[in-house]
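Summary of the model geometry
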Amino acid sequence: MISTAIIQTLKLTTPWQTLDPFLFCVHHLDNYPKGDGKMGPSLSLQGRQPGNDFSGKSGFSMYHGSTVPGFPVHPHRGFETVTVGRRGFIDHFDSLGGYGRFGNGDTQWMTAGKGVQHSEMFPLVNTEKENPTELFQVWLNLPRKNKFVEPEYKMLWHEDIPVISHFDSHQRLTKIDLIAGQYGEIKALPPTNASWAADPDNEVSIWTIKMAANAIWDLPAGSSDLNRCLYFYAGTGLKVDGKLIPVNHRVDLISDKKVALSNGSNTVVEILLLQGRPINEPVVQHGPFVMNTTDEIYQTFADYRKTNFGGWSWPSSAPVNPQQTGRFSNDGQGHKEVK
């Protein structure tokens, strides 16, 4: 008989391992220096591999960017990207004519569906101070019936994302940002229309959890047969159901049990929760394409060669917005938001 809600703990790798319906998660944390006026770093890039720099040298990586860090144009089909921009900015451009700038708490939810190209660059807009950048990107699978839906992206602006503030008996705060899912009667903003998360019966939850020093909080029970994982990535002293968890570990939980979390340290603890009902379909992934069969992957390559998923009308493979631009989105279909 299982007396604990913990199924197992695993040391995190890069990217973070996930369970169905998620495909993977990456946590980017880069201490970018002051910008050089062209939205790149002011420090020398000597000794890095241009266009493929994951070195973390001097506290940051350029990734696939050469001047501005980030990820120039690349395609996706068959799944969704959920990009949680915690600090710094992300400039988004896509093959449907959409573009924008978001960050500092905003989340972009993009359903690739039948195919889209996009770029995600990290403009270093500050020239007088450093440009720390932190984000999660979560890949959420699509069920077979929605693999070929029209691509769609949606902004969840930080001003609108529900935040739960729980104070324990000693008034120590645990703060939960509801990117997806429901906490009691409080519901997250709706995701894109075809998302697995759009059906509340799937109980998809993406929460960021921040526990103050010595805080205590109970993670509520969900339904049975969900995949529920905690990712402990910052701090020390976290106990889950009484067990001390090392930092940079994933904790898999029984989903229909309430779980006691406590921060036994004098510093803040930060956790990501990913939960959802599994899709339970075959997954065949090749790079940025996620389908159900190998034949569908071959067909995806053929379709991409033929259509380029709408082509690329932007003047470079790594476009950025003007330096002084604020947060905004334009879906290219006539809908624009400015924050």
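In the block above lies the structure referred to throughout.
My aim in this report is to walk through the structure given alongside it, one point at a time. Source: prediction; values computed, not measured.

**A closer look at the sheet that holds strand β19 (residues 243-244)**
Taken in spatial order, the 4 strands line up as β16-β21-β18-β19 in an open sheet, and their pairing is antiparallel. At either margin of the open sheet sits one strand with a lone partner, and together these are β16 (216-219) and β19. As paired strands, strand β18 (residues 238-240) and strand β21 (residues 259-263) are joined by 3 bridges and run antiparallel to one another. Paired with Lys239 across the bridge in β21 is Ser262.

**Focus: the pairing of strand β3 (residues 70-76)**
Counting buried residues in β3 gives 6 out of 7 residues, a clear majority hidden from the surface. Of the strand pairs in this sheet, β3 and strand β8 (residues 116-121) are connected by 5 bridges, and their pairing is antiparallel. By the bridge assignment for β8, His76 is matched with Val116.

**Quick look at empty space enclosed by the protein**
Summed over the entire model, instances satisfying the criterion amount to 1 cavity of 30 Å³ or more. Within this model, the largest cavity holds a volume of roughly 40 Å³. Lining the largest cavity are Thr18, Leu19, Phe22, Asn227, Cys229, Tyr231, Leu274, Gln275 and Gly276.

**Considerations on the side chain of Glu80**
If you trace the backbone, Glu80 turns up in strand β4 (residues 79-87). Buried within the structure, Glu80 lacks any salt-bridge partner; its nearest side chain of opposite charge belongs to Lys147, at an N-O separation of 9.8 Å. Setting aside residues up to four positions removed in sequence, Glu80 forms contacts with Trp109, Met110, Thr111, Val138, Trp139, Leu140, Asn141, Leu142, Thr192, Ser195 and Trp196.

**Digging into the packing of aromatic side chains**
Under the definition given, this model contains 22 aromatic pairs. When the centroid spacing of 5.9 Å and the interplanar angle of 55° are considered together, the rings of Trp16 and Phe136 count as tilted. Residue Trp16 is found in the loop between β1 (6-11) and β2 (22-32), and its partner Phe136 is found in strand β9 (residues 131-141); the two are separated by 120 residues along the sequence. Here Trp16 matches Phe136 in class, with each residue buried. Their ring planes at 20° and their centres at 5.8 Å tell us that Phe93 and Tyr99 sit as a pair that is stacked. Using a relative accessible area of 5% as the deciding quantity, one classes Phe93 as buried. Connected via pairs of aromatic rings, a cluster forms that spans Trp16, Phe136, Tyr231 and Tyr233. For the cation-ring pair, Arg48 lies above Phe60, with the distance from its terminal atom to the ring centre recorded as 4.0 Å. When the ring centre of Phe89 is taken as origin, the NZ or CZ atom of Arg101, which lies over that ring, is 6.0 Å away.

Cut-offs and rules
Residues numbered from 1 in each chain as written. Predicted model: local features only at pLDDT ≥ 70, side-chain atom pairs only at ≥ 80, totals over all residues. Heavy atoms only, no water. Pairing = 2+ DSSP bridges. Helix = DSSP H or I, 4+ residues; strand = E, 2+ residues; numbered from the N terminus. Buried < 20%, exposed > 50% of the residue type's maximum accessible area, 1.4 Å probe, protein only. 1 Å grid on protein atoms, 1.4 Å probe; cavity = no way out; pocket = protein on both sides within 12 Å on 5 of 7 lines; lining within 4 Å. Points joined across faces, edges and corners; volume = space filled by probe spheres on them. Lys, Arg positive; Asp, Glu negative; His and termini not counted. Salt bridge = Lys/Arg side-chain N within 4 Å of Asp/Glu carboxyl O. Contact = heavy atoms within 4.5 Å. Phe/Tyr/Trp six-rings, centres within 6.5 Å; stacked < 30°, edge-to-face > 60°. Lys NZ or Arg CZ within 6 Å of the ring centre and 35° of its normal.

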